[in-house]
Amino acid sequence: MSDYMFILESHLSPEQSAVLTAVQAAAAEANLSLFLTGGAMRDMLGGFPIRDLDFTVEGPAAKLAKDVAKRNNAQILSTDEHRKTAELQFPNGVMCEISMARQEKYGKPGARPQVSPATIHEDLRGRDFTINAIALSLNRASRGLMVDPTNGASDLERKELRAISNYSLYDDPIRILRLIRFKARMGFEVHERTMQQFHNAREAGMEKYIPARALFTELRHLALEPSPSEVLKALEEFKLLQLFSPGLTGAKLNPGAFAKLAKAKAMIPFGAPFSVDWYALNMFCLTQLLTPKEKAALLENTKMSKEEADPWQKLEARIKKLEALLKSAKLSKASQTFDALKKVPGEEILLLFLKSAERIVQDRLKNYFTKYMPTAMEVTDEEVTEASGLTPDQPKFAKARDERIAARLDGRVRKPAPPPEPEPPPPPPPGRGMLGRGRFR
Ligand code: CTP
């Protein structure tokens, strides 16, 4: 296995690894050259967590995406016929993008580029920043070979953001915002010439040419950032937030809500099965202080569809019943609170934590994160089998697990004692130890 394949494998979650294997298998069968590219490569080499997988294929990407989706029961979330890319979500939650290796020619800034099939090298040279233009071959004959025509790996090492061409930000002005976002997220320096290009592009007002849908994509990226408030602050400094809505100025950035959300996020136990629609939650915080008119401007400026707006616009209405339930005296045992929350989407629980002024609700939510979830995660299959006599392949096992968790939460049974430590081996008789080690050297 090449060094890079090894680094990649050790950075991926088991779910991401399964997706990598599935896409590789489909591409190999279709005889297509496949590469891991973009953010996934940047994050792997930079030591950041890999969020989603970006694949580039030399050939018909849409056909490969359909094939992968069909074989793996994945959902095609969106396709861009013009740029030949498709976004997929797998049943295990992993998101990936499959794109055709392409060359884009821009007649005018922000205009629809002319797209033509290209080699991986040509594709990489047309990207925004060098750290985003690294590929890893996933092809049988060259698996693990890194393709890095603009020396992105060394910029990653130096922690520097460098535009690939002198026209990067002019060709596709959304990159003006991307530059700020990557800088805020990773804390990298911007290369001198790129900074000059940034100032020139701003002086020329290039941000006017950003298409509404590119703004929406950027807003979605922003809402999925690990720390959106840092990026928002940076965009505000450069007076770029008004592109989304004229009302989105410093006073409306809602730092209190983002700080409380970060506090709640830190309470979620590592590895807990707790899925959150961060887009909905962060968009709620971002728009909470906007007037209806300012929100309408945001929808208009990003041409946001109803399906894209509903998740955050309707989020608050979804938590009313949950708050009433968590206030109720009916929940007298820990297991009842746990049951009331375990199937509720994470974004609703976190929003309730942000919004509820009820002490009892706050306390129950805190207990859920800091006591009940960790206790439930401690219950192993072996423990359930020992208590119930059922094995995980039997249909009643899930119910037995729930019962065991409830018993542990309510203090009816205790955590099993850890297995006894093995007895330490007796010390070697004097004089024999050295001799023994020497014999096996
Ligand atoms: N890209 C580009 N110019 C753009 C948008 C994207 O060159 N305007 C390229 C970059 O190489 C980028 C890749 O397409 O890495 C994938 O884009 P995207 O998914 O938007 O970004 P990521 O780099 O994956 O970043 P994130 O971590 O925010 O998902």
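Everything that follows concerns the structure shown earlier in this document.
Residues numbered from 1 in each chain as written. Predicted model: local features only at pLDDT ≥ 70, side-chain atom pairs only at ≥ 80, totals over all residues. Heavy atoms only, no water.

Q: Which residues make up the packing of helix α12 (residues 255–267) against helix α19 (residues 346–355), and what are the values?
A: Axis separation between α12 and α19 bottoms out at 10 Å; the angle between their running directions is 125 degrees. Taken together, α12 and α19 sit at an angle that is classed as oblique. Judged by the sense of rotation from one axis to the other, the crossing of α12 with α19 is right-handed. Contacts from A257, K260, L261, A264 and M267 in α12 reach L350, F353 and L354 in α19. (Axes fitted to C-alpha atoms, helices over the stretch in contact; angles between N-to-C directions. Helix = DSSP H or I, 4+ residues; strand = E, 2+ residues; numbered from the N terminus. Parallel < 35°, antiparallel > 145°, perpendicular 65-115°, else oblique. Left-handed = near helix turned anticlockwise from the far one by under 90°. Contact = heavy atoms within 4.5 Å.)

Q: Mind laying out the sheet that holds strand β3 (residues 75–80), listing which residues take part and the relevant values?
A: Pairing between the strands of a sheet comes from backbone hydrogen bonds, and it takes one of two forms, parallel or antiparallel. Strand order in the open sheet formed by seven strands is β3-β4-β5-β2-β1-β8-β9, with mixed pairing between adjacent strands. The open sheet has two edge strands with one neighbour each: β3 and β9 (146–147). Bridging between strand β2 (residues 53–58) and strand β5 (residues 95–100) involves five bridges; their strand directions are parallel. The residue of β5 that forms the bridge with L53 is C96. Each of β1 (33–37), β2, β3, β4 (85–89) and β5 is contacted by helix α4 (residues 61–72), which is oriented at about 150 degrees to β5, the strand it contacts most. (Pairing = 2+ DSSP bridges.)

Q: Describe in detail the environment of Y372, supporting the description with residues and values.
A: Within the secondary structure layout, Y372 lies in helix α20 (residues 359–378). Of the residues examined, Y372 reaches a relative accessible area of 12% and is grouped as buried. Once the C-alpha coordinates of Y372 and T385 are considered, the two residues, 13 residues apart in sequence, prove to be 21 Å apart. Ignoring any residue separated from it by four or fewer positions in sequence, one finds Y372 in contact with A334, T337, F338, N367 and L409. (Buried < 20%, exposed > 50% of the residue type's maximum accessible area, 1.4 Å probe, protein only.)

Q: Explain the pairing of β1 to me, using residue names and the numbers behind them.
A: Burial within β1 is extensive, with four of its five residues counted as buried. In this structure, β1 lies alongside β2, joined through five bridges in antiparallel fashion. When the sheet's bridge partners are listed, T37 is paired in β2 with D54.

Q: Give a description of unusual backbone geometry that names residues and reports values.
A: A negative phi holds for most residues other than glycine; trans holds for most peptide bonds. Positive phi, normally seen in glycine, also occurs at K159, with a value near 60 degrees. Here K159 lies in the loop between α6 (152–158) and β10 (160–161). A positive phi angle, close to 55 degrees, is found at K239, a residue other than glycine. Mapped onto the elements of the fold, K239 is located in the loop between α11 (228–237) and α12. Under the relative-accessibility criterion, K239 is labelled exposed at 58%.

Q: Account for the packing of aromatic side chains, with residues named and values stated.
A: This structure, assessed with the given rule, holds seven aromatic pairs. Ring geometry for F48 and F188: centres 6.3 Å apart, planes at 45 degrees, overall tilted. Here F48 is found in the loop between α3 (38–46) and β2, whereas its partner F188 is found in the loop between α8 (174–186) and β11 (189–190), with 140 residues between them in sequence. On the basis of relative accessible area, F188 is assigned to the buried category, the value being 1%. Consider the rings of F198 and F238, whose centres lie 5.1 Å apart with planes at 80 degrees: the pair is edge-to-face. Of the two residues, F198 sits in helix α9 (residues 192–203) while F238 sits in the loop between α11 and α12, which places them 40 residues apart along the sequence. With a relative accessible area of 0%, F198 lands in the buried category. (Phe/Tyr/Trp six-rings, centres within 6.5 Å; stacked < 30°, edge-to-face > 60°.)

Q: Explain the site of the ligand to me, and be specific about the residues and the numbers.
A: The environment of the ligand is formed by 16 residues, the closest being R42, D128, D172, R181 and R185. Within the backbone of D128, one N or O atom sits 2.8 Å away from an oxygen atom of the ligand. At 2.8 Å, a side-chain N or O of D172 approaches a nitrogen atom of the ligand. When the ligand sits alone it has 560 Å² of accessible area, and the protein chains cover 85% of it. Elements that contribute at least two residues to the shell around the ligand include exactly α3 and α8. No other element matches α8, which puts six residues into the shell around the ligand. Here the residues of the shell around the ligand sort into two nonpolar, four polar and ten charged. (Near = heavy atom within 4 Å. Polar contact = N/O pair within 3.5 Å; in protein donor to acceptor, adjacent residues only side chain to side chain. Areas by Shrake-Rupley, 256 points an atom, 1.4 Å probe, with all protein chains shown as cover. Nonpolar A, V, L, I, M, F, W, Y, C, P; charged D, E, K, R; others polar.)

Q: Summarise α9; cite the residues concerned and give the values.
A: Under the 1.5 Å per step criterion, the end-to-end length of α9 is 17 Å for twelve residues, consistent within 8% with the ideal 16 Å. Within α9, burial applies to T194, Q197, F198 and A201. Along α9, the residues classed as buried sweep out an arc of 105 degrees about the axis, all on the same side. Among the exposed residues of α9, those pointing more than 90 degrees away from its buried face are E192, R193 and E203. Buried residues along α9 sit against β10, α7 (168–171), α8 and β11. Note on α9: the residue one or two positions beyond its end, G205, has a positive phi of about 65 degrees. (Expected span 1.5 Å × (residues − 1). Arc of directions from axis to C-beta.)

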